[in-house]
Amino acid sequence: MLFLEQILNGLQMGVMLFLMSAGLTLVFGIMQVVNLAHGSFYMIGAYVAATVTMKSGSFILGLLAALPATALAGMVVELLILRKLYDRDHLDQVLATFGLIFFFNELTRIIWGRQPLFMDVPDWLSGSVQLLPGINYPVYRLAIILVGILVALFLYLLFSRTRLGMQIRAGATNREMVEALGVNIRLLYTLIFGLGTLLAGLAGVMAGPILAVEAGMGESILILTFVVIVIGGIGSVRGALIGALLVGLVDTLARSFLPDLLRFFMETSAADRMGASMASMSVYILMALILACKPTGLFPVQTS
Amino acid sequence: MKKICLMLFIILAFTSPTMAAAPVKIGMITTLSTKAGYLGEEIRDGFKLAIDLEGGKLGGIAVELLVADDGRSPEKGRQIAERFIKRDKANILTGIVFSNVAMAVVPKVVRQGVFYLSPLAGPSMLAGKGCHENFFNVSWQTDSLSEVIGRYASEQGYNRVYLIAPNYLAGKDNIAGFKRYYTGAISGEVYTSLGQADYAAEIATLRKAKPDAVYFFLPGGMGINFLKQYGQAGLNGKIPLFGPAATDERLLKAVGRAAKGVINSSQWSADFSNPANKQFVEAFKKAYGRTPTLYASQGYDTARLIGSALKDVGGNLSDQDGFRSALEKADFASVRGNFRFGSNHFPIQDFYVRQVVEKENGQYGNQLLGKVFTDHSDPYVQECR
């Protein structure tokens, strides 16, 4: 029973990671830009949603305000800053986007102050349901899983069924050729970046009711997001989905069962500490193992 | 003409401050950025309030407060301390929030004849083997608040407590503090990673262990996350929660009803009725428009302690021994009531437990439950020689 519940927890964490990494992997894979500030858009999404929800009392309104806000913020950043960085090497991009993290953290501090914001689960999603006898699971976390499935479906349809998706895929494979065929690659880049930040904003909104809405909240999820896209293969949305679920499950299961497992071999308090340390390493061990077998990730994108 | 104007301006700008009598400089190194920024803000605001209430003075002596943000970094803290001492000639430093920053700064500055008064960080090292005559702690030793919880849980007859803390030094110290005074059995002990955001896995495991109470030490944002998720899992109100200083007034604003009923330990509470505290809480609300936290009360007490000692030596800090013995006397009305220093310059004071209740305006706040320790000292005082 506990195992099943922990699997659900792992899936839910994986979904959050997927929302974050889908956008990042697109930007990284297609535009060849390392964007460390991706977590800042997650934070912006959470802040805007928390503010609007608090003022209006409606979670839906908060969501509807946060999504365009983060997409817009992303596109402005792309137009003003990232555009100048496409021809630079990765180190310059890392420096500039790292600077953006400080900028956005300070900006939220100026606008909202140091007080973490309050955001609660909307009434119609609060409480828990009994899935099986003995498993009561919070409705809100189930809703997060559902949102993740919908987003995955949406991205699948977008990439495989629409003209825009085709152009994006083509852009990932061969940038010059796409440009030569008359596609406005600059506009395409702005749109991709906006889509990526919108997804990060969505993750931020969904995280708002379960996490502290505070400056710097984006950085804690950013590292795992990078792990996910490295595991999944840079540029691959399918890879991001599989990678995110893998990371979510491994991290959750390791955290919940490693200490118990270690208790068979050593005394309790040592097992607890050892288990905690090993659990926090588990994701990185997973990454190392996958990279050892598949150096370009699980679903590498062919580029020419 | 323009150049002359500029010159005149520069000359004016640089000469005017020196005309006034030189105020005593107090350097505050604190954490104003990062997620923990609100802690430093509370300390600074409490400290500043004491100065403002006296019209720019402490104990009748003009003071100048210099504030800098250490960003939680020991290295940066050390640089700021250097700057305050060498460039600004500050003789009194204060403000540090985190133990690791304090360990990087304090031992070095107190050796240079500078006084350091801690409004928060109280690592065991500075209370025991690493104590120094120029170091004073005006808050509590790190273990103390967990010792209070340990004693209270035993007194209330809890016998299957589940423990949760991050896997780092202060987390282990707090668990040790809890166990020092707890006599019941431990239902489970879990160490999370520092800065962890999601506690779903831990909460599911915890629920299965069926403890009769949960002790959690998860400072700042970690606590917000944990409390929200604990409430969403439907456990709030079913298994009681205990935490050291876990629900300060700032945190409560971000958690809301999910914190209702949480029992936390403190040396101070906003509803204390002593005159010093009434004046403090009222003035703080008026100045900043919010209820002060225990951190603000510690900043305020630190400033007033400095004031009492400055008054004693007439603002003459070159009389180091005089200033030190004036500080040791702690001759000021602390907002927490009883207050005196032990031989290691850590407070000997009373500790209380508070419970989060819904106030009449729909906000959540802490209400005093009762006293747990009277004249409580820390376990490291014997190691200080």
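Since the model is a prediction, treat every value here as computed from it, not as a measurement.

Student: Any chance you could explain the packing of helix α1 (residues 2-31) of chain A against helix α8 (residues 200-209) of chain B here in plain terms?
Tutor: In a packed pair of helices, the relevant descriptors are the angle between the two axes and the axis-to-axis distance. At a minimum axis distance of 9 Å, the contact between α1 of chain A and α8 of chain B shows a crossing angle of 165 degrees. Judged by the inter-axis angle, α1 of chain A sits roughly antiparallel to α8 of chain B. Judged by the sense of rotation from one axis to the other, the crossing of α1 of chain A with α8 of chain B is right-handed. Across the interface between the two elements, Leu2, Glu5, Gln6 and Asn9 of chain A of α1 of chain A pack against Ala200, Ala201, Ala204, Thr205, Arg207 and Lys208 of chain B of α8 of chain B.

Student: Honestly, unusual backbone geometry in this entry has me stumped. Any pointers?
Tutor: A negative phi holds for most residues other than glycine; trans holds for most peptide bonds. A positive phi angle, near 55 degrees, is found at Lys89 of chain B, a position not held by glycine. Relative to the helices and strands, Lys89 of chain B is located in the loop between α3 (74-86) and β4 (92-94).

Student: In this structure, what is going on with the interface of chain A and chain B? I would like to understand it.
Tutor: The parts lose accessible area when they come together, and the size of an interface is often stated as this lost area. The interface of chain A with chain B comprises 35 residues on the first partner and 38 residues on the second. Summed over both partners, the interface of chain A with chain B buries about 3200 Å², with 48% contributed by carbon and sulfur atoms. The three residues of chain A that bury the most area against chain B are Arg114, Gln115 and Arg255 of chain A, which together make up 21% of that side's buried surface. The interface formed by chain A and chain B includes five salt bridges. Along the contact surface separating chain A from chain B lie 18 residue pairs in polar contact (both at pLDDT 80 or more). Of all the secondary-structure elements, those providing two or more residues to the side of chain A that touches chain B are α1, β2 (135-138), α9 (217-232), α10 (237-262) and α11 (268-293) of chain A.

Student: Mind showing me how you'd approach the sheet that holds strand β5 (residues 115-118) of chain B here?
Tutor: Paired through backbone hydrogen bonds, the strands of a sheet run either parallel or antiparallel to each other. Residue and element names in this part refer to chain B. Taken in spatial order, the six strands of this open sheet run β2-β3-β1-β4-β5-β6, and their pairing is mixed. Strand pairing shows two members of the sheet lacking a second neighbour, β2 (57-58) and β6 (135-137), which therefore form its edges. Where β5 lies against β6, three bridges are found, and the strand directions are parallel. Paired with Ser118 across the two strands is Asn137, which belongs to β6.

Student: Honestly, the state of the cysteines in this entry has me stumped. Any pointers?
Tutor: Simply put, disulfide is the name for a covalent bond between the sulfur atoms of two cysteines. All names here are of chain B. Evaluation of the coordinates by the stated rule reveals one disulfide over all chains. The disulfide partner of Cys131 is Cys384, and the S-S distance across this bridge is 2.0 Å. Taking the sign of the S-S torsion, about 90 degrees here, the bridge from Cys131 to Cys384 comes out right-handed. Placement of the pair is Cys131 in the loop between α5 (124-127) and β6 and Cys384 in the segment after β14 (364-376), with a sequence separation of 253 residues. Residue Cys131 shares its accessibility class with Cys384, and that shared class is buried.

Student: Mind showing me how you'd approach the pattern of salt bridges here?
Tutor: Side chains that differ in sign of charge can pair as their charged atoms come close. In total, this model carries 30 salt bridges over all chains according to the counting rule given. Linking Lys86 of chain B and Glu82 of chain B is a salt bridge whose minimum nitrogen-to-oxygen distance equals 3.3 Å. Of the two residues, Lys86 of chain B and Glu82 of chain B are both situated in helix α3; the distance of four residues between them amounts to about one turn of the helix. Residue classification places Glu82 of chain B among the partly exposed positions, given a relative accessible area of 31%. In this structure, a network of salt bridges that share partners links the residues Arg114 of chain A together with Glu41, Glu42, Arg44, Asp45, Arg250 and Arg290 of chain B.

Student: Explain the environment of Ser56 of chain A to me, please; I cannot follow it from the model alone.
Tutor: Counting through the fold element by element, Ser56 of chain A comes out in helix α2 (residues 38-56). Among the polar contacts listed, one links the side chain of Ser56 of chain A to the backbone nitrogen of Ser58 of chain A, at a separation of 3.2 Å.

Criteria and cut-off values
Every chain is numbered on its own, with residues counted from 1 as its sequence reads. Key to labels: chains lettered from A, ligands numbered from 1, both in the order written. Totals for whole chains, interfaces and linings use every residue, but because this is a predicted model, local features are given only for residues with pLDDT of at least 70 and side-chain atom pairs only at 80 or more, for both listing and counting. Each side-chain value is derived from all of the structure's non-hydrogen atoms; neither hydrogens nor water enter the calculation. As a rule, the C-alpha atoms of each element are fitted with a line to give its axis, helices using only the stretch in contact, and angles between N-to-C directions run from 0 to 180 degrees. Where helices and strands are cited, they refer to DSSP runs of H or I of at least four residues and of E of at least two residues respectively, numbered from the N terminus. The cut-offs work like this: below 35 degrees is roughly parallel, past 145 is roughly antiparallel, 65 to 115 is roughly perpendicular, and the gaps in between are oblique. Whether a crossing is left-handed or right-handed is set by the direction in which the near helix is turned from the far one by less than a right angle, anticlockwise for left-handed and clockwise for right-handed. In this description, contact between two residues means that some pair of their heavy atoms is separated by no more than 4.5 Å. A simple way to read buried area is as the amount of 1.4 Å-probe accessible surface that goes missing from two parts once joined, with both sides added. The salt bridge definition used is simple: a Lys or Arg side-chain nitrogen within 4 Å of an Asp or Glu carboxyl oxygen. Any pair of N or O atoms that falls within 3.5 Å is considered a polar contact. Within protein, one atom must be able to donate a hydrogen and the other to accept it, and sequence-neighbouring residues count only if both atoms are side-chain atoms. Two strands qualify as a pair provided DSSP detects at least 2 bridges between them. Our working definition of a disulfide is a cysteine sulfur pair at a distance within 2.5 Å. Here's how the labels work: a residue is buried when its accessible area is under 20% of the maximum for its type, exposed when over 50%, partly exposed in between, all with a 1.4 Å probe on protein chains only.

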